[in-house]
Protein chains: 2
Amino acid sequence: MTLEQMDKKRADIFKALSDVNRLSMIRILYRHHREMTCGEVGGELNISKSTVSYHFKILRSVGLTHTRKDAQIKYLSINKDTFHKYLPGFLDSL
Amino acid sequence: MTLEQMDKKRADIFKALSDVNRLSMIRILYRHHREMTCGEVGGELNISKSTVSYHFKILRSVGLTHTRKDAQIKYLSINKDTFHKYLPGFLDSL
DNA sequence: CCATTTGTTCTAATGTCATGAAACAAATGT
DNA sequence: ACATTTGTTTCATGACATTAGAACAAATGG
């Protein structure tokens, strides 16, 4: 992997975290220390469910969160591996 | 400072690092272990000088870099304090 | 079978960002 | 004085991001 490709990957991670709603979603997930549903997380923010879905898709696409589906409900959680790899120490600063 | 204000501040930092050119500029500055001029940094990237100036203004505005003026030349450097505060361990991963 | 819950996708509107050319400003050198 | 160097600002443009509403899909419960 070239330096430029690594810069690109890092930029994608930072871009995913550059929106205040997405950052709040990460903080909420992290502080609850458990899986949460889309609706639970969205309920703490003042935005529509389609917007919540849009933001979680972006977080998932760069590997910052993980989704587990059980029946009709989807459980979200933080992907700590990605944070530790690209942003060591960041989660604990939340 | 409220949680929302802290999320906003973090989002601004991440936004500043979410562009591949700005990330390359930080990497170049960090790896040279010395102050560099705008022109030197820009010379390693393939973008116009006005674009380089635009990007450094953004990095400066969130405190990621520092500028020292000596005569007509401006010397740029990394502001390690900001990195250590918001992204501990990140610089060493570059 | 039908209403409800949970979340996704589509669409349209609006807003923000990145870019380079040109003009500008400040300091220097001849 | 005047050209040169170094960087900033202004401007126009094209590209991309964010948002909510509506329609949709899948699973559940009565």
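The present account deals with the structure reproduced in this document. Model, not experiment: these values are computed from the prediction.

1. A closer look at a positive patch on the surface
All names here are of chain A.
- A surface patch of positive charge is lined by Lys57, Arg60, Lys69 and Lys74.
- Within the secondary structure, Lys74 sits in strand E3 (residues 73-78).
- Classification of Lys74 as partly exposed rests on a relative accessible area of 45%.

2. A few points about the pattern of salt bridges
- Under the definition given, this model contains ten salt bridges over all chains.
- The shortest N-O distance in the salt bridge between Arg27 of chain A and Asp7 of chain B comes to 2.7 Å. In this pair, Arg27 of chain A sits in helix H2 (residues 20-32) while Asp7 of chain B sits in helix H1 (residues 3-16), so the two residues belong to two different chains. With respect to burial, Arg27 of chain A and Asp7 of chain B carry one shared label: buried.
- For the salt bridge of Asp7 of chain B with Arg10 of chain B, the shortest nitrogen-to-oxygen distance reads 3.3 Å. Of the two residues, Asp7 of chain B and Arg10 of chain B are both situated in helix H1; the distance of three residues between them amounts to about one turn of the helix. Like Asp7 of chain B, the residue Arg10 of chain B is buried in the burial classification.
- A cluster of three or more residues bridged by salt bridges with shared partners is formed by Asp7 and Arg10 of chain A together with Arg27 of chain B.

3. Examining the protein's contact with DNA strand C
- Close contacts around DNA strand C come from 22 residues, with Lys49 and Ser53 of chain A together with Thr51, Tyr54 and His55 of chain B the closest.
- Taken together, the sugar and phosphate atoms account for 65% of what DNA strand C places within 4 Å of the protein.
- Interatomic distance of 3.4 Å between a side-chain N/O atom of Lys57 of chain A and a phosphate oxygen of DNA strand C.
- Between DNA strand C and Ser48 of chain B, the relevant distance is 3.1 Å, taken from a phosphate oxygen to a main-chain nitrogen or oxygen of the residue.
- Listing elements by their share of the surface near DNA strand C, those giving two or more residues are helix H3 (38-43) and helix H4 (49-61) of chain A together with helix H2 (20-32) and helix H4 (49-61) of chain B.
- A breakdown of the residues in the surface near DNA strand C according to their chemical character gives five nonpolar, ten polar and seven charged.

4. What about the protein's contact with DNA strand D?
- Contacts to DNA strand D come from 21 residues, most closely from Thr51 and His55 of chain A together with Gly39, Lys49 and Ser53 of chain B.
- Of everything in DNA strand D that lies within 4 Å of the protein, sugar and phosphate atoms constitute 64%.
- One nitrogen or oxygen atom from the main chain of Gly39 of chain B is found 2.9 Å from a phosphate oxygen belonging to DNA strand D.
- Of all the elements in the fold, those that place two or more residues in the surface near DNA strand D are H2 and H4 of chain A together with helix H3 (38-43) and H4 of chain B.
- By residue class, the composition of the surface near DNA strand D is five nonpolar, ten polar and six charged.

Reading the values: rules and limits
Residues numbered from 1 in each chain as written. Chains lettered and ligands numbered in written order. Predicted model: local features only at pLDDT ≥ 70, side-chain atom pairs only at ≥ 80, totals over all residues. Heavy atoms only, no water. Patch = residues over 30% accessible without salt bridge, like charges linked within 9 Å, V, L, I, M, F, W, Y side chains within 5 Å. Areas by Shrake-Rupley, 256 points an atom, 1.4 Å probe, with all protein chains shown as cover. Salt bridge = Lys/Arg side-chain N within 4 Å of Asp/Glu carboxyl O. Lys, Arg positive; Asp, Glu negative; His and termini not counted. Charge placed at Lys NZ, Arg CZ, Asp CG, Glu CD. Helix = DSSP H or I, 4+ residues; strand = E, 2+ residues; numbered from the N terminus. Buried < 20%, exposed > 50% of the residue type's maximum accessible area, 1.4 Å probe, protein only. Near = heavy atom within 4 Å. Polar contact = N/O pair within 3.5 Å; in protein donor to acceptor, adjacent residues only side chain to side chain. Nonpolar A, V, L, I, M, F, W, Y, C, P; charged D, E, K, R; others polar.

Scope: geometric values only; no functional claims are made or implied.
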